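# Architecture at a glance
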Amino acid sequence: MWLDLLKRKKERKKERKTFLRCIIRYYGLYFSTLYILPFKISGSIREFLMFLKKVSNAHHSCISLIRIQFRWVKDGVEFDPSKDPELSVSRDSGTFSLTAKDGPIHQYQGRYNCYASNVLGTAVSNEARIVTENTPTLQKEKKVSKKVEEGESVVLPCNPPNSTVAPVIHWMDKKLRHIQQNERVIQGRDGNLYFSHVTEADSRDDYTCNTQFPSARIIVLKEPIKLTVVPSNSVVRNRRPQMMRPTGPSSSYLVLSGQNLDLECIAQGLPSPKIQWIRKDGVLSESRTSKDSYDRVLRFKNISVSDSGEYQCTATNLQGIITHTYSVTVEAAPFWTKEPKSQLYSPGETVKLECKADGIPSPEVTWSINGNLLTDPRRSVKHGVLTLKNVELSDTAVYQCKAVNKHSSILINAYVYVIELPPQILTEDGVMYSVAEGQMIELACETFGSPRPNVTWEGETWGALVANPRMSQLLDGSLQISNASLNDSGQYTCTVSNSRITITAELDVLNKTVIVKPPLALRIQRGKPATLTCEYQVDSRQDAPQVQWRKNLQKLTESSDSDKYMIDESTLIIPDVKEEDEGTYTCEVITTLDIAEASGSITVVDRPDPPTQIQMTEPKDRSVTLSWTPGDDHNSPVLEYLIEFEETEYERKEWEELSRVSGNSQRTTLSLKPFLSYRFRVIAINDIGKSDPSMYTDVISTPAAQNIVRSFNGPGFEYKVMWRKVLGSGPSWHIKSIKSPPLIITDVGNFSAFEIKVQAVNEMGEGPEPKSTIGYSGEDYPLEAPLNVGVDLISSTAIKVVWAPIKRETVRGRLQGYKISLMYYGPESRREHVREGKPSNISFVMTDSNEEMKVLGDLLPYSHYALSVSVINNKGEGPQSDPLTFHTPEGVPGPPSSLLLDSPSETEMILHWTPPSQPNGILKGYILRYQQVDKEDNPMQVEKNIDHGVSHVSLKLDPHSRYRFYLRGYTSLGEGLPIIREGATTLDGVPPSNISLSTGETSVNLTWVSKERQRNVGFFIHYLKKDGTWKHSERVNSSQSFYTLRGLQSGSEYRLKIDFKNKTLWEDEIQTAGASNHKTVRKGFVTESWFIGLISALVLLLLVLLILCFIKRSKGGKYSVKEKEEGQIDSEARPMNNEGFGEYRCGEEKRTASQPSLCEDSKLCNDDALDDYANSNSVQTEVIMDESLASQSSGVRDVPDPGTQESSPLNPATPGQHRDQTWIHILAQD
C-alpha cells in the first residue's frame, strides 16, 4: 500500500474541493417550522442541511409553496457566492461549491453563517469555519548521523512538516519494515524515536521517519538517519532514570470536555525503567483511562470535567526513581441544558421560551429574532428566559438563542407561530393499550389547534375521571393512570370540549409479574459451589419473560469460553466460589410490560488468617503475657485462640497445647515452668476450621527453682559460651566462661545473626560437643517507608492498596508486616476538610510481611480519604509514606433521616421528610411507594419519582384503610434503603359521648377517652340549674380527655349536655355535694370540741411513754462507763452497726446506783412490747461487736507467704528481674 501511494503521489495533480451546503425542503401545510441543522463534517469544512420540518400529519393538504431566500454572512459581512466566478451555486438551495485546481483558495478562509428566510421568519445556522493551508512538503535538510557509546540514551529526530492536522508517523528501514519498539525503544507523540539506552545491535544507517497525511493523501519521506553504537571500554554501568519527554518536574495541559488526551512519560536509564501511573488527588479510574506504548502513554478518551486534577508518572529501575507531575485542566465548550421548544400560540397569550446553557467558563446567553437584535419592549429576557407578552399575529417569527464562551458558540432556533386554527385530534382512533397491574400507563389524545383545545376523558364504567385520584390528565391531553388495577380494563373516550370530535382507546390490565421464591443469602466456603434460584409467576397472556442476573448491579452473562457462571433459566450456579464472587445478586424477570426483581447475596467464608504481631510482655519468673493482632476472619467470626508452645532445649521439637482463650481476646497470661526455654505461636479457630499457625515468638527462658540441687559430676563446674556472627566473621569463635546463666553481650549491632554454642566444663574436662543455634541481637526502628504506594478503585466502598516491597536492609529487624493508616476527611461535598488537612477519623489496617497488596472495605461512598503505608518490625513502626488522597465514587444513599405523616383531611395525607444523613453521592431524588396494610396480599399501589429538592408530598387516600409508606432516595447508582412508616388519615372529629362524671361541692369533673384517628374538635359543655337559664363552659378540645366545670352551687341539681352541629350528642343530670341554702344538717358528737380534746390528750400521753422507754434503752449496757473508757480503741478500726436502735436488751443491763432500771417499773419496756421497734437486731448487734473487739485485741494478722507473692504496685518485683530486650540472653543448662 505504501509503495502504491508513493507512485501515485508523483502522478496525481493538486486538486482541492470545498463545499458549503445550505438546503431547504418545504412541505406546504397549515404551518411550517424552519430549522437549520449540521449535516456533515469533512476535514475542517462543516456542511449544513436546512429544511422545513413537517409538523402536521397527512390529513392536512398543501395550500401553497412559500419561496425560500438564502443569504450568507462571512466574518460578519454579507457574502454573495453567486458573484464569485470560481463558485457554483445550487438552484434549489443555498449550497455553493468551489473547485480549485491550481489557483489560490486562501481568500475563502473564514467563518460562515447561512440565513434562510420566508414569510414566516428567518432561521440562522450554526457557525461554519473554513481553514485553508498549503499541501505539506518536505523541506531540504541535511543527513543526520549520531555516534553514541553503548549504554547511553539517544533521540532520533523526525521533525514532520507543520500542519493543523496531526500526521501519522512510522519509523521504518530502507526495506519499509517497521522499527521494532519495546520498553527500551519507543516513538514519542512528537514523532521522535527515543532510546532509553542503546546496545550494539541498534547500529544501522537506515532509520527513516515516514510522515503520512491521510486527508491530503500524501506521504513525506525523511532523510535516513545513521546511528553508530560504540562498544564501551569498561563495564557498562547502570544509570538512574531521567525524564526524556516531557522534561522538568511538571507540565500542564488544557483540554476541552469530550476530546482525547494523551499524557506521555518517556524516561532514559539502564536498565530500562518501569513506568507506573497514579492520580495524586484521587483514584485513577481504570474505566476512563487506558495505557499504551508499553505504559509510556496514559490515554483519556472522551475526557470529562471529573478528570481534572494531578497525575504522576513514576519511572523506576534498580538505581532509583524519578517522577513527573501532570496538571490537567478540563474546560467545556457551551452545551445546552434546556432548549427552547417551538410551539403554536393564539393571539393574546404570553409566551415563555426557556434557553439554558452550561460550559467552562460559563457561557453568555443572548436572544435574537429573525437574526436581528430584540427591540420590542413587549419582549424581555431574564436569566435566559425570553418572555413575549400579549402576542399578536405579527409576532410569528424564528427566535435564535446563542451561547458563547471563549472556546466556541452554539445557536438554536425556536419557532413561534401565532395563529387561530380549528381543533383536531391527531391520535389514531381505537388504539389498544396493555399494562401490567400496578404500573403506570398513558392513553394518548394529542390535539391540534389554536387556541389549544381542551379535552375530557370518560371511562366505560367510571364516568368522568377527573375525581379519581389515580387518574390525571396531562398538559398534552393524555390520560395518565397510576397503579393500574384489573378493574381499570375497558374502553375510554377522549372528547374535545365544545365539539363532537372524539376518539376511543381500549385498556387491558394484566396480572403483574411476581417472584414467588427469591434468591437466598448464602454463606459459602471458598472453592465450594453456590446455587441461587429465582422462581416467578407471569400472566399467561404475556410472552415468556427474560431472566437477567446482576451482580452488584452489573449484568452477568454465560460465556461459552468460561465456566465462571452457569445460568439455567431461573437458576444461577457458580461452580467454584472465590473471594471476588462475594456480593449482592439480583434476579430480574423482564416482560414487555413490567419488571420484577429480588435480591440475594453470597458471602464467602473461610478459615481465618493466622494472627500477626505476636509479642511477649511483662516477663516474670513463672509467667509471661502474650498478645497478638487478629488476622482476617473471612466473614466467619473467630471462636477461640489456641496457644501452643515448644521447649527449645530438646532435640525432638513438638508443639503442644498450652492454653485456649475466647475469640474476642487479644492477650493472655501464660504460666511457665522453671528452668525451661519456651517459644509460642497462636492459632485462630472459627466455624470453618483452624488457621495456619502464626509466626513463633523469640525464646524466653525461666530461671531455676531455688530448691533444685544438681550434680555436675565433678568440681569446678562452669559454662563455656561460644559465639560468632553468621556472616563476615570467619571461622573464629568468641569464648567466655561463666558460672551460671545468663551472659549479656553488648555492642553487637542491630538485628545481627549469631551462631551460639554452650558447653559444660569441669575440672575433669569438657562435656559433649554442643550443637550450635542461631540467635539475633535486638532490633531498631525501620529506616524507610514503602515506595510506589497506589490505590485502585474496586467499588464505592472498597479499594485495593498496592506498594513496592521494602528493602530488607532498611527494616533493621524481622519484618512483621505493613501498617496502612486510612484517614477519612468527610463527604465529597466538604472539600475544605482536605485542604485544611484535618481528618475526622483515622483507622489502621495491618498486613503480613509477605503482602504487597491489601483490599480495604467498609469505606463510605462519595467521600474523601487519604492513606499512607509504614513498615513494622518487632521494635515498632517506621516512617510513613507520603499521604495519597483519593475519593470513593457514588453509592446508593442511606434512608431519609425522618418521615412524618400529617393528615389535614379524611382523604389526604401529607408526608414530610428530611434528606438522608448519608447521601453517599449526589441525591437525584426520591421514590415513594405505599400500600394498604389492612388487606391481605394488597400490592404496592403507587410509585412516584420526586425531585431531590422536594421535602413533602400530598396523597389522596382511602379514609377507611391504613397504609405503609416506603420512602427512599436514589443516586445515579440506584435506590437506597427505605424509611418505613405506617399511618392512616385522620377522620373528622366529633365531641365525646362516653363521658364519666365525678361531682364535688362546687364543680364536676368530666373525663372521656379520645377516639383513635379522630381530628381534634372544639365544643362547649352546656349546663342548666333548675329554675335557672342555660349557660356554657369555655371552649373545650376533644384531645384534653378531661375537663373540670367550676362555679356550681353546692347541693344543687344540674342538667348537662353537649351539642354539635345542631344535635345533642350527650346529656346527663347531676347533683353537687354539700348542703343547699334552704336545708340544715344535724351535727354529730364527732365534731364537738370536748371529743376532739380528749382524743388529743390520749395521743400525747402515749407519745411521752414511748420517748421515756427509748431513752432508757439507749443508756443501758453490759459495761460500766469506766470499763468502756479503758477499752476504747481507734474509732477507724471499730465496725459500725446501724441495723438496730440499741446495743443491749433490757433483761441483760447492768444496774448502777445512778442508772436504775426502767424495766422494773414499766411493762412497756419488755421485749414483747418493743418487738415492733427493736425486734431481734439487738442480739445480732451484740454478736458483731464482740467479734470485732476480739479481732482487734488479738493483734494477729495473716501474712502471705513471700514465696507466693507476685509483682504489683504494692509488691514490686525484685530488682534485676527485667533485662534489656535488645541484648543477647544466653542461658546454659547441664
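Residues numbered from 1 in each chain as written. Predicted model: local features only at pLDDT ≥ 70, side-chain atom pairs only at ≥ 80, totals over all residues. Heavy atoms only, no water.

Check the secondary structure of the protein chain and you find five helices and 94 strands. Considering only contacts within the protein chain whose residues lie at least 6 apart along the sequence, 65% involve residues at least 24 apart. (Helix = DSSP H or I, 4+ residues; strand = E, 2+ residues; numbered from the N terminus. Contact = heavy atoms within 4.5 Å.)

What follows concerns the side chain of Gln542. Here Gln542 shows up in the loop between β50 (535-537) and β51 (546-551). When neighbours within four sequence positions are excluded, Gln542 is seen to be in contact with Leu510, Asn511, Thr513, Thr591, Thr592, Leu593 and Asp594.

Using the criterion set out here, one finds 24 aromatic pairs in the structure. A centroid spacing of 5.2 Å and a plane angle of 50 degrees characterise the contact between Tyr824 and Tyr865, whose relative ring orientation is tilted. Pair noted here: Tyr824 is in strand β72 (residues 815-827) and Tyr865 is in strand β75 (residues 863-873), with a separation of 41 residues, a long-range link. The same class applies to Tyr824 and to Tyr865, which are both buried. Where Tyr930 meets Tyr963, the ring centres are 6.1 Å apart and the plane angle is 65 degrees; that geometry is what we call edge-to-face. Of the two residues, Tyr930 sits in strand β79 (residues 925-932) while Tyr963 sits in strand β82 (residues 963-971), which places them 33 residues apart along the sequence. One aromatic cluster is present, formed by Trp72, Phe79, Phe96 and Tyr112 through successive ring pairs. One residue, Arg71, lies across the ring of Tyr115, its end atom 4.1 Å from the ring centre. Of note, Arg204 hangs over the ring of Tyr207, and the distance from its end group to the ring centre comes to 5.7 Å. (Phe/Tyr/Trp six-rings, centres within 6.5 Å; stacked < 30°, edge-to-face > 60°. Buried < 20%, exposed > 50% of the residue type's maximum accessible area, 1.4 Å probe, protein only. Lys NZ or Arg CZ within 6 Å of the ring centre and 35° of its normal.)

Attention now goes to the sheet that holds β51. In spatial order, the strands read β48-β56-β55-β51-β52; together these five strands make up an open sheet with mixed pairing. Unpaired on one side and paired on the other, β48 (521-525) and β52 (554-555) mark the two borders of the sheet. By the bridge criterion, five bridges tie β48 to strand β56 (residues 595-605) in an arrangement that is parallel. Directly across from Ile524, in β56, lies its bridge partner Val604. (Pairing = 2+ DSSP bridges.)

Let us now look at the environment of Leu676. On the secondary structure map, Leu676 appears in the loop between β61 (667-671) and β62 (677-685). In this structure the C-alpha to C-alpha distance between Leu676 and Val699, which are 23 residues apart in sequence, comes to 10.0 Å.

A complete count under the given rule lists 44 salt bridges for this structure. The closest approach of N and O atoms between Glu982 and Arg962, which form a salt bridge, is 3.5 Å. You can see Glu982 sitting in strand β84 (residues 979-983) and its partner Arg962 sitting in the loop between β81 (952-956) and β82, a full 20 residues away along the chain. Taking the relative accessible area as the measure of exposure, Glu982 reaches 36% and is therefore partly exposed. Residue classification places Arg962 among the partly exposed residues on the basis of a relative accessible area of 37%. A salt bridge links Arg964 to Glu982; its shortest N-O distance comes to 2.6 Å. Of this pair, Arg964 sits in strand β82 while Glu982 sits in strand β84, and the two are 18 residues apart along the sequence. Each of Asp173, Arg177, Arg204 and Asp206 takes part in salt bridges that share partners, so that together they form one network. (Salt bridge = Lys/Arg side-chain N within 4 Å of Asp/Glu carboxyl O.)

Inspection of the entire model under this criterion finds five disulfides. A sulfur-sulfur separation of 1.7 Å characterises the disulfide bridge that pairs Cys265 with Cys313. On the sign convention where negative is left-handed, the bridge of Cys265 and Cys313, at about -55 degrees about the S-S bond, is left-handed. Of the two residues, Cys265 is situated in the loop between β21 (261-264) and β22 (266-270) and Cys313 in strand β26 (residues 309-317); the sequence distance between them amounts to 48 residues. The exposure class of Cys265 is buried, given its relative accessible area of 0%. Here Cys355 is linked by a disulfide to Cys401, with a sulfur-sulfur distance of 1.9 Å. Looking along the S-S bond of the Cys355-Cys401 disulfide, the torsion reads about -85 degrees, which is the left-handed sense. Of the two residues, Cys355 is situated in the loop between β29 (351-354) and β30 (356-360) and Cys401 in strand β35 (residues 397-404); the sequence distance between them amounts to 46 residues. (Disulfide = S-S within 2.5 Å.)

The residue Thr586 is located in strand β55 (residues 583-590) in this model. Side chain to side chain, Thr586 and Ser599 meet in a polar contact 2.9 Å long. Excluding residues within four positions of it along the chain, Thr586 makes contact with Gln548, Trp549, Arg550, Glu597, Ala598 and Ser599. (Polar contact = N/O pair within 3.5 Å; in protein donor to acceptor, adjacent residues only side chain to side chain.)

This next bit is on the nonpolar core. Membership of the largest hydrophobic core comes to 22 residues, with the highest contact counts inside it found for Ile799, Val801, Leu867, Val869 and Phe886. Among the secondary structure elements, those contributing two or more residues to this core are β71 (798-802), β72, β75 and β76 (884-887). With five residues, β72 is the largest single contributor of residues to this core. Residues within four places of Leu867 in sequence aside, it is in contact with Val789, Val791, Ile799, Val801, Ser821, Leu822, Met823, Asp882, Pro883, Leu884 and Phe886. (Core = buried A, V, L, I, M, F, W, Y, C linked by side-chain atoms within 4.5 Å.)

Mapped onto this structure's residue numbering, the UniProt feature "transmembrane region" (unreviewed entry) falls at residues 18-37 and 1090-1111. From the first C-alpha to the last, residues 1090-1111 spans 33 Å; its make-up is 100% helix and 0% strand. (UniProt positions renumbered as here; feature names shortened; annotations may be inferred.)

Attention now moves to the sheet that holds strand β60 (residues 656-662). The sheet built from four strands is open, its strands ordered β60-β59-β62-β63 with antiparallel pairing. The open sheet terminates on both sides in strands that have one partner only, identified here as β60 and β63 (700-701). Examined bridge by bridge, strand β59 (residues 640-647) and β62 share eight bridges and lie antiparallel to one another. Residue pairing in the sheet places Tyr641 in a bridge with Ala684 of β62.

As judged from the four bridges shared by strand β33 (residues 379-382) and strand β34 (residues 385-388), these two strands associate in the antiparallel manner. Counted as the bridge partner of Arg379 is Leu388 from β34. Taking the residues that link successive antiparallel strands as the turn, the β33-β34 hairpin has two residues, and the phi of His383 there is positive, at about 55 degrees.

Now for the pairing of β75. Counting buried residues in β75 gives eleven out of eleven residues, a clear majority hidden from the surface. Both faces of β75 are covered, namely the face carrying Ser863, Tyr865, Leu867, Val869, Val871 and Asn873 and the face carrying His864, Ala866, Ser868, Ser870 and Ile872. Looking at chain direction, β72 and β75 are connected through eleven bridges and run antiparallel. Within the sheet, the bridge partner assigned to Tyr824 lies in β75 and is Tyr865. Pairing of β75 with β76 involves four bridges; the strand directions are antiparallel. Bridge assignment links Tyr865 to a residue of β76, and that residue is Phe886.

Here Tyr108 lies in the loop between β7 (96-100) and β8 (110-118). C-alpha of Tyr108 to C-alpha of Arg129: the two residues are 21 residues apart in sequence and 9.8 Å apart in space.

With an omega of -5 degrees, the peptide bond between Ile360 and Pro361 qualifies as cis. Relative to the helices and strands, Pro361 is located in the loop between β30 and β31 (364-369). Along the chain, Pro741 connects to Pro742 via a cis peptide bond; the corresponding omega equals 0 degrees. Looking at the secondary structure, you find Pro742 in the loop between β65 (734-738) and β66 (743-745). One non-glycine residue, Asn635, adopts positive backbone phi at about 65 degrees. As for its placement among the helices and strands, Asn635 is situated in the loop between β58 (623-629) and β59.

Relative to the helices and strands, Ile979 is located in strand β84. Spatially, the C-alpha atoms of Ile979 and Ser898 are 7.5 Å apart, while their sequence positions differ by 81 residues. Once residues within four sequence positions are removed from consideration, Ile979 is found in contact with Pro895, Pro896, Ser897, Ser898, Leu899, Phe965, Tyr966 and Leu967.

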